[in-house]
Amino acid sequence: MKQITVLGNNSGRNAGDAAILGNLLRDVSDEISDVLFKVPTTHPKFVKRHFGRFNVKPVPLLPWYGALKNLGLPLAVSMLKTDLILICDNILFDRKFYNPLFNNLASISLLAPLCKRLEIPIVLYNCSIGPIDYPYGRKALQKVLDASDLIITRDNQTGELLDQLELRYPELIQHADCALNTEPTAGESLQRIIEAENLFQNPNGTIGFNVNAYIDNWSKTGRYSQDNFCRVIGESADCIIDALDVDIFFVCTQIMDLENTHRCIKHSQYKDRIKVVSNKSYTYEDIAGLLGKLELHIGLRTHTLIFCAAVGTPMINISSYPKSHGFMQTIGQEDRYVPFENLNQNYILSVVKEVWDHRTVIRESLQSRVVEEKRKAKASAKLLRKYIT
C-alpha cells in the first residue's frame, strides 16, 4: 500500500483547513486507490473522527510523541518514510520563523533536502505561498522548492511572488482551492440547524459577517487597532440593519475568533438581531450550507469567501490577507473589497449597498465562474498519478 503524507494546518480548529483536508482526501481517493494518508496533527482524534471514512492515519504532533508541534520526530518520520508528500493550504511563510508552534516552513525546509536524496516526491498541492519578508525565509523556501517536483497553486499571486523573489522552482500549474468542492449540508439536516439557532427569520434577508482574532494585514508592514476594528464592525452592522432592515449573521470558521466576534457585537445597538454560529459546534459542511442562505457576506478569513463562492453567495472581502485578494481575483470579484485604509462605517455600507443592489446578477456570474474553478481544484488529484504509481 502506498503512503501519502499530507502537510497542512490540520488541528481541527479551523473549518477552512478542515475543508481543504476533507476535499483533498476525497479527490485523491477517487483517483488513486489503495493509499494510506498520513496526516500530522495536534488533534489526532479530530482527524480520525471527521475523516475516518478515508484510509487515514493521524500522526500526533504532541510532546509525549517527541514533538514540539512542527519540530520533532513525528514530522520527520512522516516525511522520510512515505511515498509522496503533499504540502497544502498556506503553510509556507516566514512569520514567526523560529517558533515551531506557529511556523511550518522552518521545519519543512530542514527535511525537504533529505526527502530529495531519498527520492520522495514533494508536490505543493492547491496551495498559496507567503508572505516571505526576510532573507532567512527566502533561503528556507528555496530549499523546499529545490526539493519539490511540482507546484499546483490556488492563485496567481504565488507565481508572482516566486518571480519577485527570484527563486528557482519546478513546473507550476495554477488550479484552485480544494475547499471549493465542499458539499454543503442541505435538506432536513440544514433545517434542523436553522431551527436550533433560530436563523433566517427576517423576510428581508440576512447578511453575513466574519472577523478574526488577530486584526492585522498578515505582514510586517503594520497593524490595525483591534479596538477600533471591533467598533467599526459593530457599528457597521447597525448601519446595514438601519439601511436595509436585514438581520446579521456572524460566522466563525476558527474557534479562536469567537472572542473577537463578541467584542464586535458589543458595539452594536441591535444585539437581538445578530446571531453567531461557529465551527466549535458545526462542521465545515454545515457552515457552507448556512452561508448559502445569506443575501451576501462580508468576510475577513479567506475560507468564508471560498465557502460563499462554493454555494453561490455574493461576497465582500475585508482585505487583510494577500491570499484573500488572490482568491477574489480568480473568481472575478476583486473589486468587491474593503481595504483597511477605508475601514469605516460609511465605506462598508456603500460597498454593501452596491453588492445588495446587484446580488442576483452577481450570484449568476459567480456560479458560472466557480464551476471551472471547482473543476481545476479536483483535477489536481489526477496530476499525482505519475508520482505515486
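Fair warning: this is a prediction, and the values are worked out from it, not measured in the lab. (Residues numbered from 1 in each chain as written. Predicted model: local features only at pLDDT ≥ 70, side-chain atom pairs only at ≥ 80, totals over all residues. Heavy atoms only, no water.)

Peer 1: Whenever I open this one, the overall build of the chain confuses me. Can you help?
Peer 2: Across its full length, the chain holds 15 helices and 15 strands. Relative to a compact globule of 389 residues, whose C-alpha radius of gyration would be 21 Å, the chain shows 21 Å and is just as compact. Residue burial in the chain is summarised as follows: out of 389 residues, 59% are buried. Of all intrachain contacts in the chain linking residues separated by at least 6 positions in sequence, the fraction that spans at least 24 positions is 72%. Accessible area of the chain: about 16,000 Å², with a carbon and sulfur share of 49%. (Helix = DSSP H or I, 4+ residues; strand = E, 2+ residues; numbered from the N terminus. Rg over C-alpha atoms; globule rule 2.2 N^0.38 Å. Buried < 20%, exposed > 50% of the residue type's maximum accessible area, 1.4 Å probe, protein only. Contact = heavy atoms within 4.5 Å. Areas by Shrake-Rupley, 256 points an atom, 1.4 Å probe, with all protein chains shown as cover.)

Peer 1: How should I be thinking about the nonpolar core in this particular structure?
Peer 2: Considering soluble globular proteins, one finds that nonpolar side chains tend to be buried as a cluster. In terms of nonpolar packing, the biggest core is built from 93 residues, with Phe51, Tyr125, Ile207 and Ile240 touching the most fellow members. Among all residues touching Ile207, those that are not within four sequence positions of it are Ile240, Leu244, Val246, Asp247, Ile248, Phe249, Leu294, Leu296, Ile298, Val352 and Trp356. Judged by nonpolar contacts, the second largest core, of 32 residues, contains Ile120, Leu145, Leu162 and Leu165. (Core = buried A, V, L, I, M, F, W, Y, C linked by side-chain atoms within 4.5 Å.)

Peer 1: Which parts of the structure should I look at to understand the packing of aromatic side chains?
Peer 2: For the structure shown, the criterion picks out nine aromatic pairs. Judged by centre distance (5.9 Å) and plane angle (50°), the rings of Phe200 and Phe249 are tilted. Residue Phe200 is located in the loop between helix H7 (187–197) and strand E10 (206–210), and its partner Phe249 is located in strand E11 (residues 247–252); the two are separated by 49 residues in the primary sequence. Ring centres of Phe229 and Phe340 lie 6.2 Å apart, and the angle between their planes is 20°; this geometry places the pair in the stacked category. (Phe/Tyr/Trp six-rings, centres within 6.5 Å; stacked < 30°, edge-to-face > 60°.)

Peer 1: When you look at the packing of helix H10 (residues 284–291) against helix H11 (residues 302–311) in this model, what are you seeing that I'm missing?
Peer 2: When two helices pack together, their arrangement is given by the angle between their axes and by how far apart the axes lie. Two elements in contact, H10 and H11, have axes separated by 9 Å at closest approach and are oriented at 65°. Two packed elements cross with a definite hand, and for H10 against H11 that hand is right-handed. Contact residues: H10 offers Tyr284, Ile287, Ala288 and Leu291, while H11 offers Thr304, Phe307, Cys308 and Val311. When the residues that make up the contact of H10 with H11 are grouped by side-chain class, the tally is seven nonpolar, one polar and no charged. (Axes fitted to C-alpha atoms, helices over the stretch in contact; angles between N-to-C directions. Left-handed = near helix turned anticlockwise from the far one by under 90°. Nonpolar A, V, L, I, M, F, W, Y, C, P; charged D, E, K, R; others polar.)

Peer 1: Hey, could you run me through the sheet that holds strand E9 (residues 172–174) in this one?
Peer 2: In a beta sheet, neighbouring strands pair by backbone hydrogen bonds and run either parallel or antiparallel. Taken together, seven strands build an open sheet; the order of strands is E3-E2-E1-E6-E7-E8-E9 and the sheet is parallel. The sheet is open, and its two borders are formed by strand E3 (56–60) and E9, each paired with just one other strand. Strand-to-strand twist in this sheet, taken as the mean axis angle between neighbours without regard to direction, amounts to 20°. Relative to strand E8 (residues 150–153), strand E7 (residues 122–127) is paired through three bridges, and the arrangement is parallel. Counted as the bridge partner of Cys127 is Thr153 from E8. (Pairing = 2+ DSSP bridges.)

Peer 1: Would you mind going over the sheet that holds strand E13 (residues 296–299) with me for this structure?
Peer 2: With parallel pairing, six strands are arranged side by side in an open sheet as E12-E11-E10-E13-E14-E15. The open sheet terminates on both sides in strands that have one partner only, identified here as strand E12 (274–278) and strand E15 (337–339). Averaged over neighbouring strand pairs, the angle between their axes works out to 20° when direction is ignored. Two elements, E11 and E12, share five bridges in a ladder whose sense is parallel.

Peer 1: Explain a nonpolar patch on the surface here, please?
Peer 2: On the surface, a cluster of nonpolar side chains totalling about 390 Å² of accessible area is made up of Leu68, Leu71, Leu101 and Leu110. Note on placement: Leu71 falls in strand E5 (residues 71–72). (Patch = residues over 30% accessible without salt bridge, like charges linked within 9 Å, V, L, I, M, F, W, Y side chains within 5 Å. Salt bridge = Lys/Arg side-chain N within 4 Å of Asp/Glu carboxyl O.)

Peer 1: Would you take a moment to explain the pairing of strand E2 (residues 35–41) for this structure?
Peer 2: Moving residue by residue along a regular strand, the side chains alternate between the two faces of the sheet. The element E2 is largely enclosed, with a buried count of seven among its seven residues. The alternating pattern of E2 places Val35, Phe37, Val39 and Thr41 on one face and Leu36, Lys38 and Pro40 on the opposite face, and all of these are buried. Bridge count for strand E1 (residues 2–7) against E2 is four bridges, and the pairing is parallel. Residue pairing in the sheet places Lys2 in a bridge with Val35 of E2.

Peer 1: Please explain helix H13 (residues 345–357) as it appears in this structure.
Peer 2: Residue pairs spaced three or four apart in an α-helix point in one direction, given the helix's 3.6 residues per turn. Compared with an ideal rise of 1.5 Å per residue, which puts 13 residues at 18 Å, H13 spans 18 Å between its outermost C-alpha atoms and is within 8% of the ideal. For H13, every residue scored as buried is listed here: Gln345, Ile348, Leu349, Val351, Val352, Val355 and Trp356. Around the axis of H13, the buried residues are gathered within 165° of arc, so they sit on the same side. Along H13, the residues that are exposed and aim more than 90 degrees away from the buried face are Asn346 and Asp357. The inward-facing, buried residues of H13 contact E10, helix H8 (226–244), E13, strand E14 (315–319), E15 and helix H14 (359–379). (Expected span 1.5 Å × (residues − 1). Arc of directions from axis to C-beta.)

Peer 1: Before we go on, may I ask you to explain the pattern of salt bridges in this structure?
Peer 2: Close approach of charged atoms lets side chains of opposite charge pair. Counting across every chain of the model gives 18 salt bridges. A salt bridge links Arg385 to Glu31, with the nearest nitrogen and oxygen atoms 3.4 Å apart. Here Arg385, found in helix H15 (residues 385–388), pairs with Glu31, found in helix H1 (residues 15–31); they are 354 residues apart in sequence, far enough to count as distant. Residue classification places Arg385 among the partly exposed positions, given a relative accessible area of 38%. A relative accessible area of 18% means that Glu31 is categorised as buried.

Peer 1: Help me out: how do you make sense of helix H4 (residues 105–117) in this one?
Peer 2: For H4, spanning 13 residues, the distance from its first C-alpha to its last is 19 Å, which sits close to the expected 18 Å at 1.5 Å a residue. Along H4, the largest kink reaches about 30° and is centred on Leu111; proline Pro113 follows within four residues of it. What H4 keeps buried is the set Leu105, Ala106, Ser107, Ile108, Ser109, Leu111, Ala112 and Cys115. Buried residues in H4 make contact with E1, E5, helix H3 (73–80), strand E6 (84–87), E7 and helix H5 (135–147). Among the residues trailing H4, Glu119 stands out with phi positive, at a value near 60°. (Bend = angle between axes of the 7 residues up to and from the residue.)

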